[in-house]
Amino acid sequence: MAACVSRVELSVSCRSLLDRDLGSRSDPLCVLLQDAGSGQWVELDRTEKIKNCQDPEFCKKLIVDYYFEKVQKLKFGIYDIDNKSFDLNDDDYLGGIECTLGQVVSSSVFTRPLELKQGKPAGKGTITISAEEIKDTRVVYLEIEAQNLDKKDFLGKSDPFLEFYKQSDAGTWQLVYRSEVIKKNLNPCWKKFSVPLQTFCGGDFNKPVKVQCADHDSDGSHDLIGTVETTLAQMQAAGAGSPVEFECIHPEKKQNKKNYKNSGIIRIKSCKIETEYSFLDYVMGGCQINFTVGIDFTASNGDPNSPDSLHYISPDGINEYLIAIWSVGSVVQDYDTDKLFPAFGFGAQVPPSGQVSHEFALNFNPNNPYCQGIQGIVDAYRQILPQIRLYGPTNFSPIINHVARFAAHSLQQGTASQYFILLIITDGEITDLDQTRQAIVNASKLPMSIIIVGVGEADFKAMEFLDGDNGVLKSVTGEPAARDIVQFVPFRQFKNAPREALSQMVLAEVPKQLVSYYKWQGWPPLKLPEIKAM
């Protein structure tokens, strides 16, 4: 899950702060706190103090680790600093705000009125926060081959592979990439590969890079064929049809053999630097995330009036369906500006005629199936339960195809402007597996992800099959999915875990899926980020 983490730099400014100092203006400082649960707030960072200023623009940036799959509650507090102690309890409070990091990163500029306490404004004071990811988003792409490598194996040719090392500031060599092994070949051509520029050479094109070519032995005692020392700047000279060649030198052979020339030639066929955009680049660039919910109302869930039913609402007003909606929705809603979420049910007999529907709006309004916020989905769910009859079969494909139609329509814009997330909550007894496989394979070519949360104690083998983690999902005709877009999570694993644990598990894949889709299309963010090295 940590793979989704980015570091975000927050710039803070304020306007019209309260004036607490007699004879001079306040000396403000901004502190950033994060909710650690159970009412505890932990300080993450603070700005410098600016003397005598009611409209400060803080120079020191606030740094915070960002996880898409968590709701990260933040508190910004502005204090008037009148002493040298680190403790802020003895300083005047000029106001603050609470928000989520998701709200900040999804707004290009986030401005809110400061409050002394909830509902009590701090005069006319406001705070403005803007976020920027700290990242050199460039990536090195290399295509490399070798010629006339030394034969290292007594009875056959060498099995060569490459290792790349960068030189650290301390002068030591640090491994940054290892290629695949090519068996029994003295003129190997390795697969094209990529390494983040930061990793490859710390972003310094003239930093020494060592390429080591060795003969692979299964016992791990690899034999050195030879090494090359170069820089990224030198490798970049490689272009269309004109590779850059380096002699591969074995140091001992060079020392001991008089007429030693080399142990082969390493050829850089191509070396390109490309920008690799992150999830945050797309979101901050203006990509909207559209969230749709599909709820399983088939008879296998049990009669909603019976406490055994998965749709039974307990005296404290919840069930597994509602917890799943809240957990996932509370994270995703920060990335959707209109906060209008289409919500559907499937597998029930619906009024007025009692016919079975596999795609009915929870609010019974097919022309406008949108619910206002996550609470709107919850309210519609509670209202609909007494009015429908749980039935069957359990068909997923209609609702997947419904969202796919919207995703296909947004595709016509040809930009990274809309991405769709479908949350299906089900007890797992799927009927239309073949049609669902085809629907997922079709949807894999569209800007969408599907999250399936399995509730109850059923056997979820079919759901795990759709997840595709154990190999590429294929349609019945054998067509493979263009990319993995399904994430399945059984709710029972999270029954006794904190509520946010479910959303973290469920949403951990989404940033990778979004980025992989736009990379596949070759679409940059709507608004391009400035390149910013760490």
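For the protein chain, the name recorded in an unreviewed UniProt entry is Copine-3, with Dasyornis broadbenti as its organism. Recorded in UniProt for the protein chain, the comment headed Function (unreviewed entry) runs: "Calcium-dependent phospholipid-binding protein that plays a role in ERBB2-mediated tumor cell migration in response to growth factor heregulin stimulation." Check the Sequence similarities (unreviewed entry) section of the UniProt entry for the protein chain; it says "Belongs to the copine family."

### Observations concerning the domain arrangement of the protein chain
Assigned domains within the protein chain: domain 1 (6-134), domain 2 (138-275) and domain 3 (291-507). One C-alpha centre belongs to domain 2, the other to domain 3; they are set 49 Å apart.

### Things to note about the packing of helix α6 (residues 320-332) against helix α11 (residues 499-507)
Running from N to C, α6 and α11 cross one another at 65°; their axes reach a closest spacing of 9 Å. In this structure, α6 crosses over α11, and the sense of that crossing is right-handed. Counting all contacts with α6, which are made through Ile323, Ala324, Trp326, Ser327, Val328, Val331 and Val332, the residues of α11 involved are Arg499, Leu502, Ser503, Val506 and Leu507. Its residues assigned to classes, the contact of α6 with α11 shows nine nonpolar, two polar and one charged.

### Side note on the sheet that holds strand β13 (residues 208-215)
Strand order in the open sheet made by the four strands is β11-β10-β13-β14, with antiparallel pairing throughout. Each of the sheet's edge strands pairs with one partner strand only, and the pair in question is β11 (173-178) and β14 (223-231). The mean inter-strand angle of the sheet, taken between neighbouring strand axes irrespective of direction, is 25°. Across eight bridges, β13 lies against β14 in antiparallel orientation. Paired with Asp215 across the two strands is Asp223, which belongs to β14.

### Overview of the environment of Thr415
Along the chain, Thr415 turns up in the loop between α8 (397-411) and β24 (418-426). Setting aside its immediate chain neighbours within four residues, Thr415 contacts Tyr518, Trp523 and Leu526.

### Here we look at the state of the cysteines
As enumerated under the stated definition, the model contains zero disulfides in all. Left unpaired, Cys189 is separated from the closest cysteine sulfur, that of Cys213, by 13 Å. In this structure Cys189 comes out as partly exposed when scored by relative accessible area, which is 40%.

### Quick notes on the sheet that holds strand β23 (residues 389-390)
In space, the three strands of this open sheet follow the order β20-β19-β23, with antiparallel pairing throughout. One side of each edge strand has no neighbouring strand; the edge strands of this open sheet are β20 (355-357) and β23. Relative to β20, strand β19 (residues 348-350) is paired through three bridges, and the arrangement is antiparallel. Note that in β20 the partner of Gln349 across the bridge is Val356.

Rules behind the numbers
Residues numbered from 1 in each chain as written. Predicted model: local features only at pLDDT ≥ 70, side-chain atom pairs only at ≥ 80, totals over all residues. Heavy atoms only, no water. UniProt positions renumbered as here; feature names shortened; annotations may be inferred. Domains from an automatic or database assignment. Axes fitted to C-alpha atoms, helices over the stretch in contact; angles between N-to-C directions. Helix = DSSP H or I, 4+ residues; strand = E, 2+ residues; numbered from the N terminus. Left-handed = near helix turned anticlockwise from the far one by under 90°. Contact = heavy atoms within 4.5 Å. Nonpolar A, V, L, I, M, F, W, Y, C, P; charged D, E, K, R; others polar. Pairing = 2+ DSSP bridges. Disulfide = S-S within 2.5 Å. Buried < 20%, exposed > 50% of the residue type's maximum accessible area, 1.4 Å probe, protein only.

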